[in-house]
Amino acid sequence: MSVQEKHEGKPVLPRPVFEADECKSCGRCVAACPKRCLRLSSRLNSRGVKPAEYVGEDCAGCAICFYNCPEPYVITIEKP
Amino acid sequence: MTQKKTVGMYESFTRSGRPSRATHYCAGCGHGIIHKLIAEAMVELGLQDRTIIVNPIGCGVFGYYYWDCGNVGAAHGRAPAIGTAINRMRRDAVVISYQGDGDLGAIGFNNTFQAASRGEHMAVFFVNNAIYGMTGGQMAPTTLEGMKTTTSPFGRDPLTAGYPLHVCEVLNQLKAPVYIERVSVADTKRIMQARRAVHRALEIQRDGKGYAFVEFISPCPTNMGLDSVKAALFCMAEMEKEYPLGCVRDRSATALARAPHAPAPSVEAFFQQSEQHQAPAEEVDASFKEQRLKFTGYGGQGILSLGICVAEAARLEKRFTTWFPSYGPEQRGGSAACSVVISGRPVGSPAVDHPDVLVCMNQPSYERFAHDVRPGGTVIVDATVPLMEKAPEGVRVISMPAIDLSLKLGVPQAANTMMLAALAQLEVTGLKREHLLEALDASFRKKPALIEKNRLLFNEAVAWMEKNL
């Protein structure tokens, strides 16, 4: 599992959690995020593509990335 | 706490051996987005246990590996027919047909059109990406004018390839559909509109209100030759020019829920309804010699009726019997034949290749079938047939003026009754004359005036035979 590592203790802000190995790097979530807090990683996942990842702390938990993602399990939205 | 995650789909997909958490779709494909919307609506409306999704041929073929509900795979384009069948058999089921533009708009368009016209209770989700994805990017009915595909390398030319097919608008000509909407999954706003449309279509199924059709404009980055984001932009900039988004029809507020299901009649009740009067059941009788009869002539001479009459007499006599017709497409004048088997045990095959008794009412049938008669058998042939062919060895040939006699007696349609009399007089059926007469009467049950007349003709024919044979 390459779920994004949790912050120490409980998360206090909403955030997207990625199953990075299932991401196909289509970039739909990156383009759709209204807060511009997603990007394609610079490293490769086990599929050999650059998975989307969360940067920063701006996530509002709107789940827009979730609905734009064509994959069922790449993105889940966690909220405190 | 997880706030948003995929529901209504299997935890992992075991499509090709190793379980996977990813679909088989290319990066950026619209199918996955639509799959999630359908699964979500199905769960949110509490329909998961009642839903049966009919999967197409095309990229969407593997839906049954993903959706956690009932799934069926249909032959190419036939999802509406399968959906109809499920609909008729399982009225509690929520039927979803999931199809692409090749499946729904090309090979299966008539299925789609007729199911919509019948107002079948199903939600049809139509994924329009303007191209054949699975087979490698060929031109589809929905391909845009001028759009390059592998089979339209210079762009789709309407002069030779026609115009893009507007399925929503075509279906909107029909009376029955309750809901028709075209949506897109190209950006967030559009996906949310698509989400509402999916919910609406499934609510209509939940409430049993009828046919709902949702078309999705969906990107195919691979075959459009664009990256995921640009393919989505192409959907918005180009495809929406040809296929405007929006609700074409929504009659869900006024559509009536379907009536409760009346139980199907039992087989027994069905037969009791039929006009066949009750006859005693067959009895096994090893001593009865099986009789195989063939009746042949032109259509319109009463060949098939004569066979039915003999079979009915056998039924009255508690014999096992079959009646097996064979005739050309012509209602009158073509060749007609039927085979009747009368037996003391259950009949294995109703086909008669080598009859014991052959009745011929015209020349071609005599020439065709006379040589098939078993040695010791009988051929009754109408006197109008010239016996150019020699009858086979050991076969008795009786020339009977059935047509002339019936003409002379003023009932030209009754030549077959004359032949029935000949069968009775020659005692070749193994049946009693009283049963043959009772069956003759029964065949005119709807025209009682003819019963006496046919009895009279029957007796005239018997008299002729007594005098001349």
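Residues numbered from 1 in each chain as written. Chains lettered and ligands numbered in written order. Predicted model: local features only at pLDDT ≥ 70, side-chain atom pairs only at ≥ 80, totals over all residues.

1. Here we look at the sheet that holds strand β1 (residues 15-18) of chain A
Point 1. If you walk across this open sheet you meet the 3 strands as β1(A)-β4(A)-β1(B), and the pairing is antiparallel. Every interior strand has two partners, whereas the edge strands, β1 of chain A together with β1 (2-4) of chain B, have only one. Along the sheet, successive strands turn relative to each other by an average axial angle of 45°, direction set aside.
Point 2. Two elements, β1 of chain A and strand β4 (residues 75-78) of chain A, share 4 bridges in a ladder whose sense is antiparallel. Each residue of the ladder has a partner; that of proline 16 of chain A, found in β4 of chain A, is isoleucine 77 of chain A. (Pairing = 2+ DSSP bridges. Helix = DSSP H or I, 4+ residues; strand = E, 2+ residues; numbered from the N terminus. Axes fitted to C-alpha atoms, helices over the stretch in contact; angles between N-to-C directions.)

2. Description of the sheet that holds strand β11 (residues 291-298) of chain B
All names here are of chain B.
Point 1. Spatial ordering of the open sheet is given by β12-β13-β11-β14-β15-β16, a layout of 6 strands whose pairing is mixed. Each end of this open sheet is capped by a strand with a single partner; those strands are β12 (320-327) and β16 (396-400). With strand direction ignored, the average angle separating the axes of adjacent strands in the sheet is 15°.
Point 2. As paired elements, strand β14 (residues 357-360) and strand β15 (residues 378-382) share 4 bridges and run parallel to each other. When the bridges of β15 are listed, valine 359 appears paired with isoleucine 380.
Point 3. Contacts from helix α14 (residues 415-426) reach β14, β15 and β16, with the element oriented near 140° to β16. (Contact = placed C-beta atoms within 7 Å.)

3. A word on the domain arrangement of chain B
Point 1. In terms of domains, chain B is made up of domain 1 (30-250) and domain 2 (283-468).
Point 2. Computed over C-alpha atoms only, the centres of domain 1 of chain B and domain 2 of chain B are separated by 58 Å. (Domains from an automatic or database assignment.)

4. Concerning the interface of chain B and chain A
Point 1. At the interface, 25 residues of chain B touch 25 residues of chain A.
Point 2. Of all the secondary structure elements, the ones that give two or more residues to the side of chain B that touches chain A are β1, α1 (30-44), α7 (188-206) and α9 (228-242) of chain B.
Point 3. The element that contributes the greatest number of residues to the side of chain B that touches chain A is α1 of chain B, accounting for 5 residues.
Point 4. By residue class, the composition of the side of chain B that touches chain A is 10 nonpolar, 10 polar and 5 charged.
Point 5. Bridge analysis of β4 of chain A against β1 of chain B gives 2 bridges, and the strand direction is antiparallel. Looking across to β1 of chain B, one finds that isoleucine 77 of chain A is bridged to lysine 4 of chain B. (Nonpolar A, V, L, I, M, F, W, Y, C, P; charged D, E, K, R; others polar.)

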